[in-house]
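Secondary and tertiary structure notes
Take a look at the letters that make up each chain.
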6 protein chains.
Amino acid sequence: MPEYQTLLVEQTGNIAHIQINRPDKVNAMNKAFWEEIIQAFDWVDRTDSVRVVVVSGAGKHFSAGIDLQLLAQASSEMGKDIGRNAEIIRRNVLRLQTSFNVIDTCRKPVIAAIHGYCIGGAIDLISACDMRYSTPDAHFSIKEIDMGMAADVGTLQRLPHLIGDGMMRELAYTGRAFDGDEAARMGLVNRTFADHAELLSGVMAVAGEIASKSPLAIRGTKEMIRYSRDHSVEDGLNYIATWNAAMLQSEDLKLAMMAHMAKKTADFAD
Amino acid sequence: MPEYQTLLVEQTGNIAHIQINRPDKVNAMNKAFWEEIIQAFDWVDRTDSVRVVVVSGAGKHFSAGIDLQLLAQASSEMGKDIGRNAEIIRRNVLRLQTSFNVIDTCRKPVIAAIHGYCIGGAIDLISACDMRYSTPDAHFSIKEIDMGMAADVGTLQRLPHLIGDGMMRELAYTGRAFDGDEAARMGLVNRTFADHAELLSGVMAVAGEIASKSPLAIRGTKEMIRYSRDHSVEDGLNYIATWNAAMLQSEDLKLAMMAHMAKKTADFAD
Amino acid sequence: MPEYQTLLVEQTGNIAHIQINRPDKVNAMNKAFWEEIIQAFDWVDRTDSVRVVVVSGAGKHFSAGIDLQLLAQASSEMGKDIGRNAEIIRRNVLRLQTSFNVIDTCRKPVIAAIHGYCIGGAIDLISACDMRYSTPDAHFSIKEIDMGMAADVGTLQRLPHLIGDGMMRELAYTGRAFDGDEAARMGLVNRTFADHAELLSGVMAVAGEIASKSPLAIRGTKEMIRYSRDHSVEDGLNYIATWNAAMLQSEDLKLAMMAHMAKKTADFAD
Amino acid sequence: MPEYQTLLVEQTGNIAHIQINRPDKVNAMNKAFWEEIIQAFDWVDRTDSVRVVVVSGAGKHFSAGIDLQLLAQASSEMGKDIGRNAEIIRRNVLRLQTSFNVIDTCRKPVIAAIHGYCIGGAIDLISACDMRYSTPDAHFSIKEIDMGMAADVGTLQRLPHLIGDGMMRELAYTGRAFDGDEAARMGLVNRTFADHAELLSGVMAVAGEIASKSPLAIRGTKEMIRYSRDHSVEDGLNYIATWNAAMLQSEDLKLAMMAHMAKKTADFAD
Amino acid sequence: MPEYQTLLVEQTGNIAHIQINRPDKVNAMNKAFWEEIIQAFDWVDRTDSVRVVVVSGAGKHFSAGIDLQLLAQASSEMGKDIGRNAEIIRRNVLRLQTSFNVIDTCRKPVIAAIHGYCIGGAIDLISACDMRYSTPDAHFSIKEIDMGMAADVGTLQRLPHLIGDGMMRELAYTGRAFDGDEAARMGLVNRTFADHAELLSGVMAVAGEIASKSPLAIRGTKEMIRYSRDHSVEDGLNYIATWNAAMLQSEDLKLAMMAHMAKKTADFAD
Amino acid sequence: MPEYQTLLVEQTGNIAHIQINRPDKVNAMNKAFWEEIIQAFDWVDRTDSVRVVVVSGAGKHFSAGIDLQLLAQASSEMGKDIGRNAEIIRRNVLRLQTSFNVIDTCRKPVIAAIHGYCIGGAIDLISACDMRYSTPDAHFSIKEIDMGMAADVGTLQRLPHLIGDGMMRELAYTGRAFDGDEAARMGLVNRTFADHAELLSGVMAVAGEIASKSPLAIRGTKEMIRYSRDHSVEDGLNYIATWNAAMLQSEDLKLAMMAHMAKKTADFAD
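Residues numbered from 1 in each chain as written. Chains lettered and ligands numbered in written order. Predicted model: local features only at pLDDT ≥ 70, side-chain atom pairs only at ≥ 80, totals over all residues.

The next point concerns the overall build of chain A. Of the regular secondary structure elements, chain A holds 11 helices and 8 strands. Here the C-alpha atoms of chain A give a radius of gyration of 20 Å, agreeing with the 18 Å that 2.2 N^0.38 yields for 270 residues. Over its C-alpha atoms, taken along the principal directions, chain A stretches across nearly 70 × 40 × 40 Å. Taking all 270 residues of chain A together, 60% fall into the buried category. Look at the contacts in chain A between residues 6 or more apart in sequence, and 72% of them connect residues 24 or more apart. (Helix = DSSP H or I, 4+ residues; strand = E, 2+ residues; numbered from the N terminus. Rg over C-alpha atoms; globule rule 2.2 N^0.38 Å. Buried ≥ 20, exposed ≤ 12 C-beta atoms within 10 Å, placed from the backbone. Contact = placed C-beta atoms within 7 Å.)

The structure is reproduced here in structure tokens:
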């Protein structure tokens, strides 16, 4: 099991649990975090026994977003030429984006379990996950607007696919806080659980359910939904037909069919 | 009126009612069904007096999805070369997709009235319809995941346009059942009606309302909404301007205007 | 402050309030309106002190949509050749679309405050706004279908991004009326306010909140959300990185950061 | 071997030769032709032993394009309502397009061998083929402009991918004739052969070369080039990776490798 | 006939001739030019008797590109905040782009006749035209690279559709000069004429040929080729079918057909 | 300067020269090569003093393409399940593609200097470069078809942007060899140089010319041309306007302007 400064990674059965682990800093995302999240998901992606991932925050909160020291430091790297600074900034932003792209492109479903603060960069993070669940009193805010900037690590690109366009703009323009109940009503989280403990056990139950399915079928399903977000229905139909041309020759289909006939549960290879 | 083995087609006024008609097999979709649905919608599309279509299931259920015998049979057609098998599978999947594409591209609105089981392939089917209504106790499930495969007849491409991305993934990854009430809350069905009888009469009322409008205007509206799903707002605006360049020269506009002034109901040609 | 025949424009602080001002005609959109709305938003876009716009209707209603005299007049411009008429119609439709495109592309957020009738062309208008709020008894209808035509000024392109596809089609095919409460449930309006007075003060409060943020950051945020609607997540991420390459060199970021540390409110330049 | 009124189809080894066969009418494309071309390519696509197709014209010319009687007849089907006529025309055009789309989407390469007239609809046809070869004195013209219409069966969509945009517009706006030599210089034909006999034997040699390759690899190659025309490089790279996931498990790869090592020619299954 | 400071506009028959008219400044594009070109093409687009446009340079050259004074002036408009300056620059560039977009979107074909210098902004201009012809000794250069900037008025977007990607990059990276003969070989110009006089009479002959065709058909053809550049073949086919649904009901088709039968030249209305 | 097993990297002034360095194996691309090319371009991209890259082959040839041992080895990694093998293959192909994507996305122009064999994977490589130059007797072939497979490392996606579609298909279907002269005629190489020595000095001269320009402007130009390949003209225009919003505030513009006025050569910072 890999070890990190800012993440706590555990594996139980086929479920990996990644905790953001700077509880004394409200799990603010520092330089190490942005690197380690990439390493952690690289490990997830190549570890066959991991079939599904849960992301949560250690301590009282999910995360307060980007560590402001990182922003301060970034500005200290600037030189004299505005054009060359622009290039440095652009590449820095692209690099930060990579840290959440790995969640989006991870072949395995990633579920966010959110309690306490989920602010700024943390919204960018959960927008890149497959599903989100929270406590009723979780505290959300698209805080970037109050930093005098347009959010640039994924919120403005991915969140509009999760909530209605009108509410999206209200939240992004005003930065107003909203809780887990409202998040559930707007579709940002699938449902709320009464408290942190129930949240974790509830999310683990969903994760366990997913982990029991054919891993090939789950990965194909994630790829297709992700692809559909950015392509036409027609392109998507062609893609799944091409994908399944190989995948329907897998043993998993036969295993599932036999289990179905025998009214048993199929036991799929990793 | 055309006759089919697996479908029962009736026309009342300008409404065609297509029932999946294998009630003793929970309306499972066998080989004949996949062919006949194409023929039925071909008939719908070229029959001017049909202005709107209702699809429902005969007996106690909407449909249990693809007939598993079809899958078994498909695997018996396989040869020895993995590459050539892949090509056969790919083309088979594309052919199955065609059976629901005809619903999506049918020029006339198609409304699904759902009661009982609506499982697997049946979700693919209703995702291709214009609107969906159900009883509160209708039983839905994206069942393909339990067959060890990623759904490949349209659910993963069209359903994300109907329900939130987060719920979409939960349902597709877990295959968990949900009822008509939950379907209504997530926007999959527009509303529920108390029981099967009320469902059918309610849906027929909506269909009747649509059938009373200018057929040209209805077909243009469907085409535009369908086109908008896969194109930019700008492309969509240009398309409707080009489309209406001819259509606004139709008599229907004048008929509607005169009826409006006379506070009467316009009577449009097919 | 510019003056118009059909619009009443006022500026309070950094908020511009544009009222459709033909109350005796239920604010029907006549020839002058379609021109003046372009001029008004041109003024908004180049006036630095305007940071956010509220659009509402003078009198008892938001607007009854396009003035039917305009349609009648359009048909009087037709010549003898169907092809050349088609070209004239196509260009007229494109010109009408421009009148609401200026709302969509306005760099500053535009909020619709809706009471009374909001019908036909008025739905096209509010679909082009950033957010919508209404009274509970506001009366909405996609009325074009009853004029024997497919709506062609933006409703069929923009509304599907605001409400579910299934409800979208029901409303567009039937033209049935729905009120503010239903509009809120389907996500068309963000929330309702008890009556016209509360609506206006509520919307002004939201507008004021937005006006207090960094104008550069607000404009960047609007541009990104708008862009995301029509582009892939990947293209959107690249775009914000390029955009912020310059914008993160602005003083606003530093101002915001200092205000945050001092627990004060930043005061941004226009 | 299927028989047709307007086509002469022969198979030699793995090569199908389809001749347009109305030499006394300069191979003008009548109603039967537009149907039979679909049937012929359906036969090609499902006949495993056909690996490549050559299309040419019987008699002295390739084809003079659409039979003008067909246009006359189409106008006789028109009714009174401009809007309904528009819908009929639109669907007729879409149907004609299908007749050349089957060439474009045929899984097997299609080579046009052109001598004599190749005019109007014949340009649409050859634009949908994979490659084109001609005699030096072949006579080409985008003749639709002289019929008072914009070409609508594929020339304006596919030809810009074959020749430079500037020359494309000159030829489409003026309808001026050009010969095989000029066609070769602009890249419309790959090369010219001295006369009709040499053309046919030259094209058959190219076809024979293609027929000797792995049919799976040829079909994959065609699909990829076709797909690249309308998709981004990134989408194309992902598509071939998915496609080859199955295809690289074929025996053809091993056969080719062994033949390569043994310095022999591989003999691939159909 | 409109009069301009920087343009000389003449109409002969159905051909408008627009000359860039600052011969003592090598036709450098100053502030007035960028405005007037918009006005001139607005006039072209709404003047029915103009069916085709020729653009050339008065005096010894086509144009030396943007007037450097304009760049100097632009930098004097800059304020103190880098972010706000960025917004001003971005909008200035978008406004300059509009001046050549009007050529691209003009409904009527625009032909460039090039002699002498054609440098920097002049390449942007001719890239937006339909066709280009030149003298053999015309002198071309993508000069922006020597101004320390990436060309931003259209060259980098439109030129890759006209010449090969490899040559495109060589010319854009090095700014090296090339003459009319090389331009013809790479497809930038359709052909060269021996000298300025022959160039103008040759281009006028092409323009006259185009002006003799059905104006509706020409405009439809331009729209389709333009659309094909940025859309898939499938989208393009659907678009022409929708377009021609109205246009094939025009008299021009019948006129052309009758003229064809009578072996006469059709005389089309504007 | 980094050192590699399969590459020889030298820097002269601002030009990096990367030689494929397995001359005794005809520069076949083995496992190490595919990794090291990524490392080399990572070094190029982050080394400010490198402004342009030349890629060539050590010894008598450019490269014979992928090392067949690599293919053999890949097949030895296969397991028993066809579906899981498909996933392994798909990811392997995507990884190989990455090795040439780094050339395509490298911010700095990459020029291929080709002599001797340039076969199979080598065509994929040069297709990802900015420009290509060769000797007249260079020997090219899209050899993958003779390995029983569709090329999957970029040729089928990038080459159609470089040469005509008709020739593209002939070469990809037949795998026939062609020399540098023919490559120049079809636009694959920009020009030929008489022999290997002249080729290298000619290419170095072009590289030197590029290295003398503003590096910011060169990188912006490459990004724009690359972006235009996969986006609409309109998207491209918006992108350069956003890009230049920052870049036109660079000192390079002023330096270039002053140098231009003083008729000197500007000396730009890295």
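The set of residues buried in helix 11 (residues 251–261) of chain B consists of Asp252, Leu253 and Ala256 of chain B. In an axial view of helix 11 of chain B, the angular spread of the buried residues amounts to 100 degrees, which keeps them on one side of the axis. Residues of helix 11 of chain B that are exposed and point over 90 degrees away from its buried face: Met258 and Met261 of chain B. Of the surrounding secondary structure, the elements contacted by the buried residues of helix 11 of chain B are helix 9 (215–230) of chain B together with helix 3 (82–105) of chain D. (Arc of directions from axis to C-beta.)

Before going further, it helps to spend a moment on the relation of the copies chain C and chain B. Overlay of chain C on chain B (RMSD 0.0 Å): rotation 120 degrees, translation along the axis 0.0 Å. Each copy turns onto its partner about a three-fold axis. Comparing interface residues between copies, only 3% of those in chain C also lie at the interface in chain B; the contact surfaces differ. (Least-squares fit on C-alpha atoms with pLDDT ≥ 70 in both.)

The next thing to look at is the environment of tyrosine 227 of chain D. The topology assignment puts tyrosine 227 of chain D in helix 9 (residues 215–230). The class of tyrosine 227 of chain D is partly exposed, set by 18 C-beta atoms lying within 10 Å.

Residue and element names in this part refer to chain C. With mixed pairing, the 3 strands of this open sheet are ordered in space as 5-7-8. In the strand order of this sheet, the two ends are held by strand 5 (117–119) and strand 8 (178–179), each with one partner. The pairing of strand 5 with strand 7 (residues 139–141) spans 3 bridges and is classified as parallel. From the neighbouring strand, isoleucine 119 faces strand 7, where its bridge partner is serine 141. (Pairing = 2+ DSSP bridges.)

Further remarks concern the sheet that holds strand 7 (residues 139–141) of chain F. Two orientations exist for strands paired in a sheet by backbone hydrogen bonds: parallel and antiparallel. If you walk across this open sheet you meet the 3 strands as 5-7-8 (chain F), and the pairing is mixed. Strands at the two margins of the open sheet, each flanked by one partner only, are strand 5 (117–119) and strand 8 (178–179) of chain F.

All names here are of chain A. As assigned here, chain A comprises domain 1 (7–211) and domain 2 (215–261). Centre-to-centre, using C-alpha coordinates, domain 1 lies 27 Å away from domain 2. Of the residues assigned to the side of domain 1 that touches domain 2, the class counts are 2 nonpolar, 1 polar and 5 charged. (Domains from an automatic or database assignment. Nonpolar A, V, L, I, M, F, W, Y, C, P; charged D, E, K, R; others polar.)

Turning our attention to the interface of chain C and chain B. Taken together, the contact between chain C and chain B spans 33 residues of the former and 40 residues of the latter. For the side of chain C that touches chain B, the secondary-structure elements that each account for two or more residues are helix 3 (82–105), helix 5 (155–158), helix 6 (165–174) and helix 9 (215–230) of chain C.

With a phi close to 55 degrees, lysine 263 of chain A is a non-glycine residue in the positive phi region. Along the chain, lysine 263 of chain A turns up in the segment after helix 11 (251–261). Judged by the 6 C-beta atoms lying within 10 Å of it, lysine 263 of chain A is exposed. Backbone geometry places valine 26 of chain B, a non-glycine residue, at a positive phi of 50 degrees. Its location among the elements puts valine 26 of chain B in the loop between strand 2 (15–20) and helix 1 (31–46). Judged by the 20 C-beta atoms lying within 10 Å of it, valine 26 of chain B is buried.

Let us now look at the nonpolar core. Core analysis: the biggest nonpolar cluster contains 564 residues, and Ile111 of chain A, Ile111 of chain B, Ile111 of chain C, Ile111 of chain D together with Ile111 of chain F have the highest contact counts within it. Contact partners of isoleucine 111 of chain F, with chain neighbours within four places excluded, come to Val53, Val54, Cys129, Asp130, Met131, Tyr133, Val203, Val206 and Ala207 of chain F. (Core = buried A, V, L, I, M, F, W, Y, C linked by C-beta atoms within 7 Å.)

Turning to the packing of helix 9 of chain D against helix 10 (residues 233–247) of chain D, a few remarks are in order. All names here are of chain D. It is at 10 Å that the axes of helix 9 and helix 10 come closest, and there the two elements cross at 165 degrees. Here helix 9 is positioned roughly antiparallel relative to helix 10, judged by the angle of their axes. The two elements helix 9 and helix 10 meet at a crossing, and its hand is right-handed. Counting all contacts with helix 9, which are made through Leu216, Gly220, Met224, Tyr227 and Ser228, the residues of helix 10 involved are Gly236, Tyr239, Ile240, Trp243 and Met247. (Axes fitted to C-alpha atoms, helices over the stretch in contact; angles between N-to-C directions. Parallel < 35°, antiparallel > 145°, perpendicular 65-115°, else oblique. Left-handed = near helix turned anticlockwise from the far one by under 90°.)

All names here are of chain B. Pairing of strand 1 (residues 7–12) with strand 2 involves 6 bridges; the strand directions are antiparallel. Along strand 2, the bridge assignment pairs leucine 8 with glutamine 19. The antiparallel hairpin formed by strand 1 and strand 2 contains 2 residues in its connecting segment, where glycine 13 sits at a positive phi of about 60 degrees.

This paragraph deals with the environment of arginine 191 of chain C. All names here are of chain C. Structurally, the position occupied by arginine 191 is in the loop between helix 7 (180–185) and helix 8 (196–211). According to the C-beta neighbour criterion, arginine 191 is partly exposed, with 17 such atoms within 10 Å. Linking arginine 191 and proline 136, residues 55 residues apart in sequence, is a C-alpha distance of 8.9 Å. Arginine 191 has contacts with Tyr133 and Ala184, leaving out every residue within four places of it along the chain.

Let us now look at the environment of serine 212 of chain C. Counting through the fold element by element, serine 212 of chain C comes out in the loop between helix 8 and helix 9. Separated by 53 residues in the primary sequence, serine 212 of chain C and threonine 265 of chain C place their C-alpha atoms 8.8 Å from one another.

As a further point, take the pairing of strand 2 (residues 15–20) of chain A. Residues and elements named next belong to chain A. Most of strand 2 is tucked away, with 5 of its 6 residues classed as buried. For strand 2 and strand 3 (residues 52–57), the ladder comprises 6 bridges, and the chain directions are parallel. Across the sheet, histidine 17 pairs through a bridge with valine 54, a residue of strand 3. In this region the chain leaves strand 2, passes through helix 1 (residues 31–46) and returns to the parallel neighbour strand 3; the handedness of that crossover is right-handed. (Right-handed = clockwise from strand over helix to strand, strands pointing away.)

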